[in-house]
Amino acid sequence: MLPVDLPGTVRDALLAPLVDHHCHGVRRDDLSRAGFELLINEGGSPAPPGTTHFDAPLGVAVRRWCAPLLDLEPHAPPAVYVSRREELGAAEVNRRLLAGAGVVAFLVDTAPVSMSAADLDLLTATEMGRHGGAAADELVRIEQIERDVAEDAPLAVDYLDGVGEQLTARAARAVGLKTVIAALYGLDFDPARPTRGAVIAAANRRLADPKRPLTDEVLLRHLLWSAIDVARERGLPVQFHTGFGGSGPDLHRTDPGRLGAFARMLQPAGVPLILLHCYPYHRQAAYLAGVHPHVYVDVGLAPPHTAAASARVVEELLELAPFHKLLFSSGCHGVAETCYLGALSYRRALGAALGSRLAAGEWSAADAARIAHMIGSGNARRVYRL
């Protein structure tokens, strides 16, 4: 799995238990092939007629690396793989793959991956931990809180009070907050805190149709700054989904580099700002992490989806980002294969990147092992106070 010429201490560090600082629940029910394929594609749509989502880097990786954990030969055909999955049952598949990832703690965003996926039957954070033989804690999706409040609030002032109260209550049981403003609006928002008058006017519009996705920039900014207030009070980090992953506005509007002004404005508050996924803008994210003391970064979904190119992605992240600012996440969602492959591809990609630096004489084995431990678990333990 790892480069054969790595020193033993570096191999041990790469294979040490990971803290998965951002993942989602996986389905608890058995899946048809069509249902499974929807969950191994970020677009969330069926493959065109006559094609399959197994013919993609992630789909091939499922057949190569996950098949042996289900007692199949590597490269098992898609039909055989899905049939074996159904034979074992979802609970056993989830147990094997989540435990096989080698994760010691899951930090779980318990909201649906997309607001339209509210009917999916996903494992809770506690269940993710139990299936994976790991600890588990919750990440609070702030837009899910807003939606719940909007559906119950009779007046704009009740809406404002409810958002603050629910953020405070949910944060008390969480290790971090998360926003998907990038997917709902984009990261090119006005970084300033909106005025109360503007928020009330926007809230009145929102309450006229509270079930629709929240796309109003004023309310999204109000929600974000309300979350920042709560995060500062409780010493919590705030995660930002950025870059690749899911549907939303044009990809360029999810570039984390657009958060520069907001990051500067946030710095006095001391709230850690964590940039998730980032690809293909991971170099911009690395720059922000390098110049701002409170900004952290991962590449989450990129390694399992870029497959053979994952080592290059990690190499590029290591070009500029301080090593104490890098975190591991699987970006797991929907099916447990995404957790297993997230961990596997991360270890392989980082192993290749470390190996190239060792071969060039740039790093010592002690440096490489220490940095692998930092990225795999140490940095997350510090930032999330685990």
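As the structure is a computational prediction, the values presented were derived from the model and not from experiment.

Chemist: Can you tell me about the pattern of salt bridges, naming the residues and giving the values?
Modeler: With the rule as written, the count across this model stands at 26 salt bridges. Where Lys178 meets Asp109, a salt bridge forms, and the shortest distance between an N and an O atom there is 2.9 Å. In this pair, Lys178 is assigned in strand β4 (residues 174–179) and Asp109 in strand β2 (residues 103–109), connecting sequence segments 69 residues apart. Under the relative-accessibility criterion, Asp109 is labelled buried at 0%. Note that Asp216 is salt-bridged to Arg205, the shortest N-O span being 3.2 Å. Separated by 11 residues along the polypeptide, Asp216 in the loop between α10 (196–207) and α11 (217–234) and Arg205 in helix α10 bring together distant segments of the chain. One salt-bridge network, held together by shared partners, links Asp71, Arg84, Glu87, Glu92, Arg95 and Arg96.

Chemist: Let's hear about the pairing of strand β5 (residues 238–242): which residues, and what values?
Modeler: Along any regular strand, the residues point their side chains to alternate faces of the sheet. The element β5 is largely enclosed, with a buried count of five among its five residues. Every second residue of β5 is oriented toward a common face, with Val238, Phe240 and Thr242 on one face and Gln239 and His241 on the other, all of them buried. Pairing of β4 with β5, which is carried by three bridges, proceeds in the parallel orientation. Of the residues in β5, the one forming a bridge with Lys178 is Gln239.

Chemist: An account of the side chain of Asn94 is requested, with residue identities and associated values reported.
Modeler: For Asn94, the location among the structural elements is in helix α5 (residues 90–100). Discounting chain neighbours no more than four positions away, the residues touching Asn94 are Val26, Arg27, Arg28, Ala99, Leu123, His131 and Ala336.

Chemist: A description of the environment of Pro74 should follow, citing residues and the corresponding values.
Modeler: Position of Pro74 relative to the elements: it lies in the loop between α3 (57–66) and α4 (78–88). Separated by 11 residues in sequence, Pro74 and Arg63 have C-alpha atoms that sit 6.3 Å apart.

Chemist: If you had to explain the environment of Cys278 to someone new, which residues and values would you point to?
Modeler: Relative to the helices and strands, Cys278 resides in the loop between β6 (273–277) and α13 (282–291). Spatially, the C-alpha atoms of Cys278 and Val297 are 7.8 Å apart, while their sequence positions differ by 19 residues.

Chemist: Help me get a handle on a nonpolar patch on the surface, residues and values and all.
Modeler: A cluster of nonpolar side chains, namely Tyr287, Val291 and Leu320, defines an oily patch on the protein surface of about 290 Å² accessible area. Inspection of the secondary structure assignment puts Leu320 in the loop between α15 (310–318) and α16 (337–359).

Chemist: So, the packing of aromatic side chains: which residues are in play, and what are the values?
Modeler: Using the criterion set out here, one finds seven aromatic pairs in the structure. Ring plane angle 45° and centroid distance 6.0 Å describe the contact between Phe36 and Tyr81, whose orientation is recorded as tilted. Here the residue Phe36 occupies a position in helix α2 (residues 33–39), and Tyr81 occupies one in helix α4, the gap between them amounting to 45 residues. Aromatic side chains Phe328 and Tyr346 sit 4.8 Å apart centroid to centroid with 45° between the ring planes, which places their arrangement in the tilted category. With Phe328 in the loop between α15 and α16 and Tyr346 in helix α16, the pair connects residues that are 18 residues apart, well separated along the chain. Of the two residues examined, Phe328 and Tyr346, each falls in the buried class. Through pairs of rings, three or more aromatic residues link up here, namely Phe189, Trp225, Phe240 and Phe262. When the ring centre of Trp65 is taken as origin, the NZ or CZ atom of Arg64, which lies over that ring, is 3.8 Å away. Its end group placed over the ring of Tyr296, Lys325 keeps NZ or CZ at 5.4 Å from the ring centre.

Chemist: Tell me about helix α8 (residues 156–171), residues and numbers included.
Modeler: Relative to the 22 Å expected for 16 residues at 1.5 Å per residue, α8 spans 23 Å between its end C-alpha atoms, a close match to the ideal helical length. For α8, the full list of buried residues reads Ala156, Tyr159, Leu160, Gly162, Val163, Leu167, Arg170 and Ala171. Down the axis of α8, the buried set is contained in an arc of 165°. They therefore lie on one face. Here the buried face of α8 lies against β3 (135–141), α7 (142–152), β4, α10 and α11.

Cut-off values and rules
Per chain, residues are indexed from 1 in the order of the written sequence. Given that the model is predicted, a residue must reach a pLDDT of at least 70 before its local features are reported, and side-chain atom pairs must reach 80 or more before they are shown or counted; all residues, however, enter totals for whole chains, interfaces and linings. Note that water and hydrogens are dropped before the side-chain values are worked out from all heavy atoms of the structure. When a carboxyl oxygen of Asp or Glu is within 4 Å of a side-chain nitrogen of Lys or Arg, the pair counts as a salt bridge. Helix and strand labels come from DSSP, where a helix needs a run of H or I of at least four residues and a strand needs a run of E of at least two; each type is numbered from the N terminus. Note on exposure labels: buried denotes an accessible area under 20% of the residue type's maximum, exposed denotes more than 50%, and partly exposed covers the range between, all computed with a 1.4 Å probe on protein chains only. At least two bridges found by DSSP between two strands is the condition for calling them paired. In what follows, a contact means two residues having at least one pair of non-hydrogen atoms within 4.5 Å. Patch membership requires more than 30% relative accessible area and the absence of a salt bridge. Residues of like charge join within 9 Å; the nonpolar side chains Val, Leu, Ile, Met, Phe, Trp and Tyr join within 5 Å. The protein chains shown are the only cover counted for residues, whose accessible areas, like all others here, come from Shrake-Rupley with a 1.4 Å probe. Centres within 6.5 Å are what make two rings of Phe, Tyr or Trp a pair, Trp counting through its six-membered ring; a difference in plane orientation under 30 degrees is then read as stacked, over 60 as edge-to-face, and the rest as tilted. Think of it as a cone above the ring: NZ of Lys or CZ of Arg counts as a charge over the ring if it is within 6 Å of the ring centre and within 35 degrees of the ring normal. Each residue after the first adds 1.5 Å to the expected span of a helix. This arc is built from the directions going out from the helix axis to the C-beta atoms.

Any link to function would need more than the numbers given here.
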